[in-house]
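Chain by chain, the residues run as shown.
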Amino acid sequence: MTPASANRDIARTWTYHNATKHSEWSLRASPHYLDWSNQPMPLKIYTTIEAIPLPRDAEQTGIAALSAIAASSAATDIERIPRLEDLARVLYFSAGITKKKIYTGGEIYFRAASCTGALYEFELYLVCSDLPELKAGVYHFGPGDFALRLLRVGDHRGVLVHATAGEPSIVHAPAIIVCAGTYWRNAWKYRTRTYRHFGWDNGTILANMLAMSAALQMPAKIVLGFVDSEVNALLDLDTSREVAFSVVSLGRLSGETPAAARELPKLNLPTVPLSPSEVDYPELREIHEASSLENREEVAEWRSALSQRGEAETEGRRVRLSGSTDPIEQVILRRGSSRKFERQSITLDQLLTILTTSTQPIWPGFSLLNNLYLIVNAVDGLAPGAYYYHVATADLELLKEGNFRNKASHLGLQQDLPGHAAADVFFLASLDPILNTFGNRGYRAAQLEAGILGGKMYLAAYALHLGATGLTFFDDDVTEFFSPHAAGKSAIFLMALGKGRKPDQ
Ligand SMILES: Cc1cc2nc3c(=O)[nH]c(=O)nc-3n(C[C@H](O)[C@H](O)[C@H](O)COP(=O)(O)O)c2cc1C
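These figures come from a predicted structure and were not determined experimentally.

Comments concerning the sheet that holds strand E4 (residues 122-128)
1) Next: Strands sit in the order E1-E6-E5-E4-E7-E9-E8 across an open sheet of seven strands; the sheet is antiparallel. The two strands at the open ends of the sheet, each matched to only one other strand, are strand E1 (52-53) and strand E8 (220-223).
2) Next: Pairing of E8 with strand E9 (residues 242-250) involves four bridges; the strand directions are antiparallel. Residue pairing across strands places Ala 220 opposite Leu 250, the latter belonging to E9.
3) Next: Relative to the sheet, helix H8 (residues 194-215) contacts E4, strand E7 (175-182), E8 and E9, its axis offset from that of E9 by approximately 20 degrees.
4) Next: Here helix H9 (residues 228-235) sits on the sheet in contact with E4, strand E5 (137-142), strand E6 (147-153), E7 and E9, set at roughly 90 degrees to E9.

Considerations on the domain arrangement of the chain
1) Next: Taken as a whole, the chain is organised into domain 1 (37-257 + 279-307) and domain 2 (336-500).
2) Next: Distance from the C-alpha centre of domain 1 to the C-alpha centre of domain 2: 25 Å.
3) Next: On the side of domain 2, 36 residues touch domain 1, which itself brings 40 residues to the contact.
4) Next: Counting each side, the surface lost to burial between domain 1 and domain 2 is near 3100 Å², with a carbon and sulfur contribution of 67%.

Details of the site of the ligand
1) Next: Contacts to the ligand come from 21 residues, most closely from Arg 335, Ser 337, Arg 339, Gln 415 and Phe 493.
2) Next: At 3.3 Å, a backbone N or O of Cys 115 approaches an oxygen atom of the ligand.
3) Next: In this structure, Arg 335 approaches the ligand through a side-chain N or O atom, which is 2.8 Å from an oxygen atom.
4) Next: Relative to its unbound accessible area of 610 Å², the ligand is 87% covered by the protein chains.
5) Next: When atoms are counted within 2 Å of each cavity's grid points, the one that captures over half of the ligand is the largest pocket.
6) Next: It is strand E17 (residues 467-471) that provides the largest number of residues to the shell around the ligand, a total of three residues.
7) Next: Here the shell around the ligand is built from residues that sort into nine nonpolar, nine polar and three charged.
8) Next: Here the shell around the ligand spans two domains, and each of domain 1 (37-257 + 279-307) and domain 2 (336-500) adds at least three residues to it.

A look at the packing of aromatic side chains
Each aromatic ring pair is specified by the distance between its two centres and by the angle formed by the two planes.
1) Next: For the structure on display, the rule yields 21 aromatic pairs.
2) Next: Residues Tyr 16 and Tyr 443 carry aromatic rings whose centres are separated by 6.2 Å and whose planes lie at 70 degrees to one another, so their mutual orientation is edge-to-face. Taken together, the residues span a long stretch of sequence, with Tyr 16 in helix H1 (residues 11-19) and Tyr 443 in helix H17 (residues 441-463) at a distance of 427 residues.
3) Next: Among the residues examined, Tyr 16 registers a relative accessible area of 4% and is labelled buried.
4) Next: Measuring from ring centre to ring centre gives 5.1 Å for Tyr 373 and Phe 482, while their planes differ by 45 degrees; the resulting arrangement is tilted. Separated by 109 residues along the polypeptide, Tyr 373 in strand E12 (residues 370-376) and Phe 482 in helix H18 (residues 475-482) bring together distant segments of the chain.

A look at the pattern of salt bridges
Pairing is possible between side chains that carry opposite charge, provided their charged atoms lie close to one another.
1) Next: Under the defined criterion, the tally for this structure stands at 24 salt bridges.
2) Next: Between Arg 149 and Asp 145 there is a salt bridge; the shortest N-O distance is 2.7 Å.
3) Next: Linking Asp 155 and Arg 157 is a salt bridge whose minimum nitrogen-to-oxygen distance equals 2.7 Å.
4) Next: Each of Arg 80, Arg 83, Glu 85, Asp 86 and Arg 89 takes part in a single network of salt bridges with overlapping partners.

Observations regarding empty space enclosed by the protein
1) Next: Applying the stated criterion across every chain, the model contains two cavities of 30 Å³ or more.
2) Next: Estimates place the volume of the largest cavity at around 90 Å³.
3) Next: In terms of lining, the largest cavity is formed by Ser 94, Ala 95, Arg 111, Ala 112, Ala 113, Ser 114, Cys 115, Tyr 120, Glu 121, Phe 122, Asp 201 and Ile 205.
4) Next: Put simply, the parts of the chain that give the lining of the largest cavity at least two residues each are helix H4 (84-95) and H8.
5) Next: Around the second largest cavity sit Ser 5, Asn 7, Arg 8, Leu 293, Glu 298, Glu 301, Trp 302 and Phe 438, which together line it.
6) Next: Looking at the lining of the second largest cavity residue by residue, the class counts come to three nonpolar, two polar and three charged.

What about the layout of surface pockets?
1) Next: For the largest pocket, the calculated volume is near 830 Å³.
2) Next: Lining of the largest pocket is provided by 32 residues; of these, Cys 115, Gly 117, Ser 337, Arg 339 and Thr 469 occupy positions nearest its centre.
3) Next: Breaking the lining of the largest pocket down by element, the ones donating at least two residues are strand E2 (97-103), strand E3 (106-111), helix H7 (183-190), H8 and E17.
4) Next: Ranked by residue count, the leading element in the lining of the largest pocket is H8, at four residues.

With respect to the packing of H8 against H17
1) Next: Relative orientation of the contacting elements H8 and H17 amounts to 50 degrees, with a least axis distance of 6 Å. Judged on the interaxial angle alone, H17 and H8 are oblique. Remark: the crossing between H8 and H17 carries right-handed chirality. Residues Tyr 195, Arg 196, Gly 199, Trp 200, Asn 202, Gly 203, Thr 204, Leu 206, Ala 207, Asn 208, Leu 210 and Ala 211 of H8 form the contact with H17, whose participating residues are Tyr 443, Arg 444, Gln 447, Leu 448, Gly 451, Ile 452, Gly 455, Lys 456 and Leu 459.
2) Next: For the contact of H8 with H17, the per-class residue count stands at ten nonpolar, eight polar and three charged.

With respect to H8
1) Next: For H8, with 22 residues, the first-to-last C-alpha span of 31 Å sits near the 32 Å given by 1.5 Å per residue.
2) Next: Extensive coverage of H8 is indicated by the burial of 21 of its 22 residues.
3) Next: Residue Gln 217 follows H8 closely and has a positive phi angle near 55 degrees.

Some points on unusual backbone geometry
1) Next: Geometrically, the link from Ser 483 to Pro 484 is a cis peptide bond, its omega value of 15 degrees lying close to zero.
2) Next: Within the secondary structure, Pro 484 sits in the loop between H18 and strand E18 (490-500).
3) Next: Of note, the phi angle at Arg 191 is positive, near 50 degrees, even though the residue is not glycine.

Details of the environment of Phe 481
1) Next: Within the secondary structure, Phe 481 sits in helix H18.
2) Next: It is 9.8 Å that separates the C-alpha atoms of Phe 481 and Ala 408, two residues lying 73 residues apart in sequence.
3) Next: In this structure, Phe 481 is in contact with Ile 375, Ala 386, Lys 400, Phe 404, Lys 407 and Leu 411, ignoring residues within four places of it in sequence.

Thresholds applied
- Residues numbered from 1 in each chain as written.
- Predicted model: local features only at pLDDT ≥ 70, side-chain atom pairs only at ≥ 80, totals over all residues.
- Heavy atoms only, no water.
- Pairing = 2+ DSSP bridges.
- Helix = DSSP H or I, 4+ residues; strand = E, 2+ residues; numbered from the N terminus.
- Contact = heavy atoms within 4.5 Å.
- Axes fitted to C-alpha atoms, helices over the stretch in contact; angles between N-to-C directions.
- Domains from an automatic or database assignment.
- Buried area = accessible area lost by both parts, 1.4 Å probe.
- Near = heavy atom within 4 Å.
- Polar contact = N/O pair within 3.5 Å; in protein donor to acceptor, adjacent residues only side chain to side chain.
- Areas by Shrake-Rupley, 256 points an atom, 1.4 Å probe, with all protein chains shown as cover.
- 1 Å grid on protein atoms, 1.4 Å probe; cavity = no way out; pocket = protein on both sides within 12 Å on 5 of 7 lines; lining within 4 Å.
- Sits in = over half its atoms within 2 Å of the grid points.
- Nonpolar A, V, L, I, M, F, W, Y, C, P; charged D, E, K, R; others polar.
- Phe/Tyr/Trp six-rings, centres within 6.5 Å; stacked < 30°, edge-to-face > 60°.
- Buried < 20%, exposed > 50% of the residue type's maximum accessible area, 1.4 Å probe, protein only.
- Salt bridge = Lys/Arg side-chain N within 4 Å of Asp/Glu carboxyl O.
- Points joined across faces, edges and corners; volume = space filled by probe spheres on them.
- Parallel < 35°, antiparallel > 145°, perpendicular 65-115°, else oblique.
- Left-handed = near helix turned anticlockwise from the far one by under 90°.
- Expected span 1.5 Å × (residues − 1).

Listed below in structure tokens is the structure:
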């Protein structure tokens, strides 16, 4: 009998998830003081590779943000080869530096997508064929100087075709982006909870990437089924510190992808140390290994499980796109996490616009893993209370009426933001069926999906000149509050929406 794969040992997800829950007790029992002298740098800097500057003067698409956010990544047969300028725009508006703020301790470089603690633990790598103005290769994207650095010469897409067991969108993609997270860069502050943050912080990047790709009419598909070790080896990652988390195919090419090279030499390229020393959190490596796919058979199994989920439940549903024609680039540039909300109401139309545009299918033919529950504090035309959002019909079902501002503050880790917001959207997932179907990889998918939906909500809110922020939460208190409807579900993520105080909007 062959031993069960790590991915099928779903007790490992439960061990991680339960051990990283926040509660009033856990925060008191385990206070954490930040060691500012050991704060990791939010960039990976290769010291020996020449920079290839990316063009900065690309024209704006002019495509309205709301329609770009709502566009689902439909399969296409049309040839679409990205130009360097297209790649520059996709990279900049997903992970580029869009703002600098000076404070007494130094300077923070804020990025296009939100990130827990502004720690920006994700790196983007590009694997491409010969493109106009860019030679085939494996590149690292450096947001610091907005440049690519060539890590491997030649067309290595075959490695990704192999690693994804022939995933059709990868087979036909002229360019593929791999997103990789570095544990220490987030764990410095969030310790073992960082693996949850990997899903959220990668997800917000992907929300922007999908919207920008849609605006550029470039097919883009998120691929989570891949043999982890093969992708990590292609990028030459030190997997005790940094791991590939998601892959995105960009564009479409009708020709065949060349086969993978037989051997991938180690690169051992030097990078600048992130901080004087690094703390290892074995729990992070453990949950990552548990959710890794070890071979192509497991990848094929993952893909067939995905296709058995049936039609995405939102297909054919009416999406509200009214209220703003602001172009996607403008909206991404003005996005920021609201630090304060006015205690004012938003309209029901605004709330439904945010909800419908951000819950379009992410995985074609596949329903969402997260369920959305709301605390409505101040939405014109809606009684304050707790609601369940039916994604398929865009209906809000009242679970209980009442003023829950204080409760919302408590659930959002005793912060004012969710209490002052007009509405709070809680993401909850039924982890048991997800893990039974997909194994531990389903946990990664649920966290990532929440981040993508949250990232889209940020953009939709800012398109409407509202404010938004991601938030963390007291896990079991959230489930209890929305029970009995939410009984047995696990809290995954939280977004607060409302009228942000200037200069947020
Ligand atoms: C998943 C997620 C959780 C967050 N949680 C909190 C939170 O609990 N409290 C808070 O004040 N900000 C929170 N934020 C906001 C981040 O601090 C903010 O995104 C980061 O500082 C970058 O700033 P920007 O979003 O304005 O670009 C969260 C953001 C994300 C993406």
